[in-house]
Amino acid sequence: MSRRDQILETAADLFAAKGFHGVSVGEIGRACGVSGPALYKHFASKDAVLAAMLVDISQRLLDEGRARAEAATDAQKAVDALIGWHTDFALRHRSLIVVQDRDWQSLPPTAREKVRSLQREYVDVWAGQLRRLHRGLHTDRARVMAHAAFGLINSTPHSGLIADEAMRGVLHRMALGALTGPQTR
């Protein structure tokens, strides 16, 4: 793992535990085993850490979502692959989900717009596959369905009552059933 990635991962855990405003640059540095000022070699500010964290993960979700959808041989398999990808992400990155939800408003405006743009594209990857699966499904309804699935899957920081493998199965089955069952227009 690169030093930059280590800083982002450590900062995500700290931000999730204490909130963006409850964590100092010095604290991030200490948790990474470097001085606070050494972080400035990688990021201009704590705001830049948050921006990089949320922009990077939004880009990664989009890139992998596109790749999985394109690799699938039909819409059903694409939806299944998207659910699998997002579930794996949610189980591995609970801290990022908490930070996204709670500290969104702390993002600098340019980064906030970039994250929004990437997230809209990611939703549209899902919506496109849902529209292929359910012919005649309106785009807005497909987007709503995608957001609902994200809400279910992104519940992982609040629902760690069972082991991750069992949780993976529960989330996958529930999301798949919700997205692939009969739909009303």
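Computed from a predicted model, the values in this text were never measured in an experiment. (Residues numbered from 1 in each chain as written. Predicted model: local features only at pLDDT ≥ 70, side-chain atom pairs only at ≥ 80, totals over all residues. Heavy atoms only, no water.)

Novice: Any details on the pattern of salt bridges? Residues and values, ideally.
Specialist: For the coordinates displayed, the defined rule picks out 12 salt bridges. Residues Lys77 and Asp74 are paired through a salt bridge, measuring 4.0 Å at the closest nitrogen-oxygen approach. Where Arg120 meets Glu113, a salt bridge forms, and the shortest distance between an N and an O atom there is 2.9 Å. (Salt bridge = Lys/Arg side-chain N within 4 Å of Asp/Glu carboxyl O.)

Novice: Which residues make up the layout of surface pockets, and what are the values?
Specialist: Left-over empty space is what a probe sized like a water molecule reveals as it rolls over the atoms. Estimates place the volume of the largest pocket at around 470 Å³. What lines the largest pocket is a set of 21 residues, among which His86, Gln100, Gln119, Phe150 and Asn154 lie closest to the centre. Sorting elements by how many residues they give to the lining of the largest pocket places helix α6 (residues 109-133) first, with 6 residues. Its residues placed into classes, the lining of the largest pocket shows 9 nonpolar, 7 polar and 5 charged. Roughly 350 Å³ of volume is contained in the second largest pocket. Per-element tally for the lining of the second largest pocket: the top contributor is helix α1 (residues 3-18), with 6 residues. The residue makeup of the lining of the second largest pocket, split by class, is 7 nonpolar, 2 polar and 8 charged. (1 Å grid on protein atoms, 1.4 Å probe; cavity = no way out; pocket = protein on both sides within 12 Å on 5 of 7 lines; lining within 4 Å. Points joined across faces, edges and corners; volume = space filled by probe spheres on them. Helix = DSSP H or I, 4+ residues; strand = E, 2+ residues; numbered from the N terminus. Nonpolar A, V, L, I, M, F, W, Y, C, P; charged D, E, K, R; others polar.)

Novice: An account of the packing of α1 against helix α2 (residues 25-32) is needed here, citing residue identities and associated values.
Specialist: Following both chains from N to C, one finds α1 and α2 inclined at 120°, their axes separated by 9 Å at the closest point. When the axes of α1 and α2 are compared, the pair comes out oblique. Between α1 and α2 lies a crossing of right-handed hand. Listed contacts from α2 to Arg3, Gln6, Ile7, Thr10, Ala11, Leu14, Phe15 and Lys18 of α1 are Glu27, Ile28, Ala31 and Cys32. The class makeup of the residues in the contact of α1 with α2 is 7 nonpolar, 2 polar and 3 charged. (Axes fitted to C-alpha atoms, helices over the stretch in contact; angles between N-to-C directions. Parallel < 35°, antiparallel > 145°, perpendicular 65-115°, else oblique. Left-handed = near helix turned anticlockwise from the far one by under 90°. Contact = heavy atoms within 4.5 Å.)

Novice: Explain helix α3 (residues 46-71) to me, and be specific about the residues and the numbers.
Specialist: Given 3.6 residues per helical turn, the α-helix brings residues three or four places apart onto the same face. With 26 residues, α3 extends 37 Å from end C-alpha to end C-alpha; this agrees with the ideal 38 Å at 1.5 Å per step. Where α3 starts, the residue carrying a side-chain oxygen 3.3 Å from the main-chain nitrogen of Asp47 turns out to be Ser45. (Expected span 1.5 Å × (residues − 1). Polar contact = N/O pair within 3.5 Å; in protein donor to acceptor, adjacent residues only side chain to side chain.)

Novice: Describe in detail the packing of α3 against helix α5 (residues 94-103), supporting the description with residues and values.
Specialist: With their axes 11 Å apart at the nearest point, α3 and α5 run at an angle of 115° to one another. Of the two elements, α3 crosses α5, and the hand of that crossing is left-handed. Where α3 abuts α5, its residues Leu50, Met53, Leu54 and Ile57 lie against Leu96, Val99, Gln100 and Asp103. For the contact of α3 with α5, the residue count by class is 6 nonpolar, 1 polar and 1 charged.

Novice: Quick one: what's the story with α5, residue by residue and with numbers?
Specialist: Within α5, 7 of the 10 residues are buried, which leaves the element mostly enclosed by the surrounding structure. Every buried residue of α5 is accounted for by Ser95, Leu96, Ile97, Val98, Val99, Gln100 and Asp103. On its buried face, α5 sits against α1, α3, α4 (75-92) and α6. (Buried < 20%, exposed > 50% of the residue type's maximum accessible area, 1.4 Å probe, protein only.)

Novice: Residues and numbers for the environment of Arg173, please.
Specialist: Residue position: Arg173 is located in helix α8 (residues 164-180). Separated by 114 residues in sequence, Arg173 and Gln59 place their C-alpha atoms 26 Å apart.

Novice: Can you break down the nonpolar core residue by residue, with the values?
Specialist: Phe15, Ile28, Met53 and Trp126 are the most contacted members of the largest nonpolar core, which has 56 residues in total. Contributing elements (two or more residues each) for this core: α1, α2, α3, α4, α5, α6, α7 (139-153) and α8. Per-element tally for this core: the top contributor is α3, with 11 residues. Setting aside residues no more than four positions away along its own chain, Trp126 makes contact with Leu82, Ile83, His86, Ala146, Ala149, Phe150, Ile153 and Leu179. (Core = buried A, V, L, I, M, F, W, Y, C linked by side-chain atoms within 4.5 Å.)

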